[in-house]
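# Descriptive analysis of the structure
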Amino acid sequence: MEDKYQRTEPNSGDKEVKQELKPIIQWKKQKGGFRASMFIFVLSALDNMGFVANMVSLVLYFYGVMHFDLSSSANTLTNFMGSTFLLSLVGGFISDTYCNRLTTCLLFGSLEVIALVMMTVQAALKNLHPEACGESSCVKGGVAVMFYISLCLYALGMGGVRGAMTAFGADQFDEKEPNEAKSLAAFFNWLLLSSTLGSVVGVTGVVWVSTQKAWHWGFFIITVSTSIGFVTLAIGKPFYRIKVPGESPILRIIQVIVVAFKNRKLPLPETNEQLYEVYKDVTLEKIAHTNQMRFLDKAAILQESSEPQQPWKLCTVTQVEEVKILTRMLPILASTIVMNTCLAQLQTFSVQQGNIMNLKLGSFTVPAASIPVIPLIFLCTLIPIYELFFVPFARKITNHPSGITQLQRVGVGLVLSAISMTIAGFIEVKRRDQGRKDPTKPISLFWLSFQYAIFGIADMFTLVGLLEFFYREAPSTMKSLSTSFTFLSMSLGYFLSTIFVNVINSITKRITPSKQGWLHGFDFNQNNLNLFYWFLAILSCLNFFNFLYWANWYKYKTEDRTNSEMNSKELGETPLLMVGGGRKHDGKAKESSQTSEANTEGPSSSDETDDGKEKERNSREWKHR
């Protein structure tokens, strides 16, 4: 009996697997890691220097140079920012499907530089500025064409870069290798630190040049720094792990939905093992089956008339689980939109508030758009402390590579954002009361630092938590697209800000005794911005409880590691992107597994029983080939 089960084929199969994995392991040792990430950190710092400088100062450019009114300048900026983050999905989709992530970054980076050149030219030439007309928008004709084309190109370029850059940096670490999993968690924190350092320079030096000297000089500095960033990224090519794009993630999702709908009347099998899966490719991630959303499992039912390799008639368990993962992510994504609506106010109305406050710091005049430097400097100190002290301490308690889970970080950020909006409302009451009492003696600009500082900490927790969450949880075929969900949340938050401003203005015009909206006109002292802030604070509290529900419902991705652990131990490494990879020779592996079971349980009492087991084994192997 033992001779029947103890065969040599599994050992030979394992040797073939090891031979196939050798190039991958060698590639891992030579490429990637923090050495490769340094080039990405440089791009992140230089690109964010210009991005954040524009993010906090463009509202003043729209208001003072392009002659939009208060609400129109705020809405123009939030629409621009929303479009930028929305277009990150384009960059994520392209880098997952058509171009590798490095090429995608450089392609969209060239569009970003072209747009900045156009903005610099328009800011420098007076004849490309509109005349003041007293309307909500004075940008018309050829001036409008150049203005909106440059903004659209800028949004497309920045969005595409962000859709690919974060996932490209994370690709330099193998999340399935324990040591590299810790490095991956650290990568997201250091990426935030690099962007924060660039932002500090942007909101101080660049904003000061733009607002105190000339707008075109500010745009010129941004153009040069951004160009240097992309040149640096290209220079680092020899050090990168560059992953080849695969099958369209959108197409894989549609296939599961279509096949599940076709099979909707079929009963689900009694056991999950009867669902169809392919184990022959050792480099492909295999995702373990979950019991949520069982109706999608019908896409993996293997019928007698079905044949493998027909994606529109039969899907694998892994493919079905990819759709389940993305579906589970959507409520988490939706729960962070309101926070980004709050963020939009700190880049629009709070900057406009600061512009009519006391800007003096001794003899130096501080640009209103530079007030975010306070939380940024605070973050520059807090991030290293968090990474070097808190994470190792928390890791000992939780055994989690990031110290605390990604969703726990997001929850902390949501609470802090609600607190920030509450404080912002009280600060606005103080500012407005003083402005009405004596406009010549406004309160100091630095009163705004409270709301900025608290929200800065909130952003550190939420942004990094979301980036790591969407990258780690995403299937290997859609890492960039999933990471772009973070920016999609930002996009929807900015668009929601525009909707709130317009709707609240429209409603409050009808119900207030003055017949003017909370955010109407050009004079903040006659508005009720504080009520708008408190409205967002209440909404943020309600949203937090909504997040708690979905975070508790969310099931973290588990991976099918059968036999891969054995291969990992023999090879001394966990193969890149390989989960369940050892099941390439699945039938042989199953025989080996069953050998162990047979030896444990003792030999069968009859040859007939052995033949029945053999038939059952052969049938199961055919279903899982």
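## Observations regarding the pattern of salt bridges
Tallying each qualifying case throughout the model produces eleven salt bridges. A salt bridge links Arg-101 to Asp-171, with the shortest nitrogen-to-oxygen separation between them at 2.3 Å. Of the two residues, Arg-101 sits in helix H6 (residues 101-124) while Asp-171 sits in the loop between helix H7 (141-170) and helix H8 (178-213), which places them 70 residues apart along the sequence. With respect to class, Arg-101 is no different from Asp-171; both count as buried. Across the pair Arg-431 and Glu-428 runs a salt bridge whose closest N-O atoms are separated by 2.9 Å. A residue pair is termed a helical-turn pair when its members lie 3 or 4 positions apart in one helix, as Arg-431 and Glu-428 do in helix H15 (residues 406-437) at three residues. Pair check on accessibility: Arg-431 and Glu-428 agree, each one buried. A cluster of three or more residues bridged by salt bridges with shared partners is formed by Asp-96, Arg-101, Asp-171 and Lys-243.

## Topic: unusual backbone geometry
A positive phi angle, near 50 degrees, is found at Met-293, a position not held by glycine. Summarising the element assignment, Met-293 is placed in the loop between helix H10 (249-262) and helix H11 (317-335).

## Describing the confidence of the model for the protein chain
With 82% of its residues at a pLDDT of at least 70, the protein chain reaches an overall mean of 78. Low confidence marks residues 560-625, where pLDDT is under 50. Its contacts with residues over four positions away, or in another chain, come to 127 contacts.

## Describing empty space enclosed by the protein
To find the voids left in a structure, one rolls a probe of water-molecule size over its atoms. Tallied over the full model, the rule gives six cavities of 30 Å³ or more. Of the voids in this model, the largest cavity is the one considered here, and its volume is about 660 Å³. In this structure, the largest cavity is lined by 34 residues; those nearest its centre are Val-52, Met-55, Ser-199, Asp-459 and Leu-463. Put simply, the parts of the chain that give the lining of the largest cavity at least two residues each are helix H3 (33-64), H7, H8, helix H12 (337-346), helix H14 (373-398), helix H16 (449-473) and helix H17 (479-511). If you tally residues by element for the lining of the largest cavity, the top one is H16, at eight residues. Residue classes in the lining of the largest cavity are distributed as 24 nonpolar, eight polar and two charged.

Parameters at a glance
Residues numbered from 1 in each chain as written. Predicted model: local features only at pLDDT ≥ 70, side-chain atom pairs only at ≥ 80, totals over all residues. Heavy atoms only, no water. Salt bridge = Lys/Arg side-chain N within 4 Å of Asp/Glu carboxyl O. Helix = DSSP H or I, 4+ residues; strand = E, 2+ residues; numbered from the N terminus. Buried < 20%, exposed > 50% of the residue type's maximum accessible area, 1.4 Å probe, protein only. pLDDT = per-residue confidence, 0-100. Contact = heavy atoms within 4.5 Å. 1 Å grid on protein atoms, 1.4 Å probe; cavity = no way out; pocket = protein on both sides within 12 Å on 5 of 7 lines; lining within 4 Å. Points joined across faces, edges and corners; volume = space filled by probe spheres on them. Nonpolar A, V, L, I, M, F, W, Y, C, P; charged D, E, K, R; others polar.

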